[in-house]
Amino acid sequence: MSTAEQAAVRGRRVLVTGGSGFIGRHVVSELSAAGARVRVVDLKPHPDPAVELIQGDLGDPSVLEQCFAQGCDWIVHLAAVTSVLRSLEHPDLTYRTNVAATHALLEAARSAGATALVFASTNAVTGPMEAPAISEAATLRPLTPYGATKAAAEMLMSAYTASYGVRCTALRLTNVYGGGMQAKDSIVARLMRAIRLGGTFEVYGDGQQVRDYVHAADVVQAVRLALASENWRGPVVIGTGKSLSVLEVLDAVRRVTGAELPVRHGAARPGEMPAVIVDPSRARAAGWSPRYNFEEGLAGVWQEWSTLDREAVAAGTGAVGLPAVAGRTS
Ligand SMILES: NC(=O)c1ccc[n+]([C@@H]2O[C@H](COP(=O)([O-])OP(=O)(O)OC[C@H]3O[C@@H](n4cnc5c(N)ncnc54)[C@H](O)[C@@H]3O)[C@@H](O)[C@H]2O)c1
């Protein structure tokens, strides 16, 4: 973080919703280290007891009231139903969490005079690709309750930016990976788990589907810029711009870990986008540039997983520290 960026962050009261989750722990550690006064609201405890935590449901008005009790300058909004499959199974909960609770948060933010909000959105707001790469100009055509509710939240934020001056930036994240993802069910975590626990890895469909993998430390960099810089508002695509097929990911994992990694092919998952190739030009023009290539990032992830107890891996717990971030600062 540059000295100017650090000065912009120091002393700010920042509410991080979902701050106990995978991306949230990276955000909290970075903002706290830069001198922000961070407060987390999450259903789950935060592994660092020094972090100020309001444990509860963001959709509960009394919890929301506590979040804003001592004022708030900036918000990083990460709390959500985050899984596409879970959203298909629980569309009502997904709506209440991702839309209704987001609206309540925006209302509280404007009453408190918060000036900036950064939201973790997704390229799943766009649906099937209709151009060689997904940019912010892509039509919103979500395929799942997850994508639809994230799109609805983006629309609310557009209105709160224009009508009430709460500058909102929706970071449309691709597949995020990095340290501390033991509880996740995304492909990198599933691969690490398969290698540590043994057994066969299930590839959904033919494995030709392509995705863009962005490191959590690079996402944190985007969050920082979007909080502090007036140039950031509206949707911004955050991804490396280089997509890999699932089969290419498997090869990279084999190279990095030395594991044989036997696979079998299962059914394709409903609602999966066949391809995600993104164009991050807008983010780059606004000063963001990803520092990790996939194999480099993967090496850090494997270093962490390879040292965990097998029982912890099986339980989805283990590394609560964030070595990949701590080992690599700007
Ligand atoms: N991880 C990715 O690849 C990815 C990609 C695109 C977008 N995103 C978005 O980024 C955000 C963070 O994702 P993550 O991977 O860290 O997920 P995560 O599941 O690890 O973290 C989400 C956190 O939000 C909390 N939460 C959920 N509902 C809540 C509620 N009602 N009240 C309070 N807390 C609640 C959970 O307890 C959890 O700690 C999410 O909004 C997700 O949709 C993630």
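In what follows, the structure referred to is the one given above.
These numbers were taken from a predicted model, which means no experiment stands behind them. (Residues numbered from 1 in each chain as written. Predicted model: local features only at pLDDT ≥ 70, side-chain atom pairs only at ≥ 80, totals over all residues. Heavy atoms only, no water.)

Caption draft 1: Geometry of the packing of aromatic side chains. In the structure shown here, the tally under the stated rule is three aromatic pairs. Plain terms: the ring middles of Tyr 160 and Tyr 164 are 4.9 Å apart, the flat faces sit at 55° to each other, and that makes the pair tilted. In this pair, Tyr 160 and Tyr 164 are both assigned in helix 6 (residues 145–164), four residues apart and thus about one turn of the helix distant. Judged by relative accessible area, which is 6%, Tyr 160 ranks as buried. The exposure class assigned to Tyr 164 is partly exposed, which follows from its relative accessible area of 43%. Seen from their ring centres, Tyr 177 and Phe 294 are 5.3 Å apart, and the 75° between their planes marks the pair as edge-to-face. Of this pair, Tyr 177 sits in strand 7 (residues 175–177) while Phe 294 sits in helix 11 (residues 294–306), and the two are 117 residues apart along the sequence. With respect to burial, Tyr 177 and Phe 294 carry one shared label: buried. Among the aromatic residues, ring-to-ring pairing joins Tyr 177, Tyr 213 and Phe 294 into one connected group. (Phe/Tyr/Trp six-rings, centres within 6.5 Å; stacked < 30°, edge-to-face > 60°. Helix = DSSP H or I, 4+ residues; strand = E, 2+ residues; numbered from the N terminus. Buried < 20%, exposed > 50% of the residue type's maximum accessible area, 1.4 Å probe, protein only.)

Caption draft 2: Quick look at the sheet that holds strand 5 (residues 116–122). Here seven strands make up an open sheet; going across it, the order is 3-2-1-4-5-6-10 and the pairing parallel. Of all the strands in the sheet, just strand 3 (52–55) and strand 10 (234–238) have a single pairing partner and so form its edges. Direction aside, the axes of adjacent strands within the sheet are offset by 20° on average. Relative to strand 3, strand 2 (residues 37–42) runs parallel, the two sharing four bridges. (Pairing = 2+ DSSP bridges. Axes fitted to C-alpha atoms, helices over the stretch in contact; angles between N-to-C directions.)

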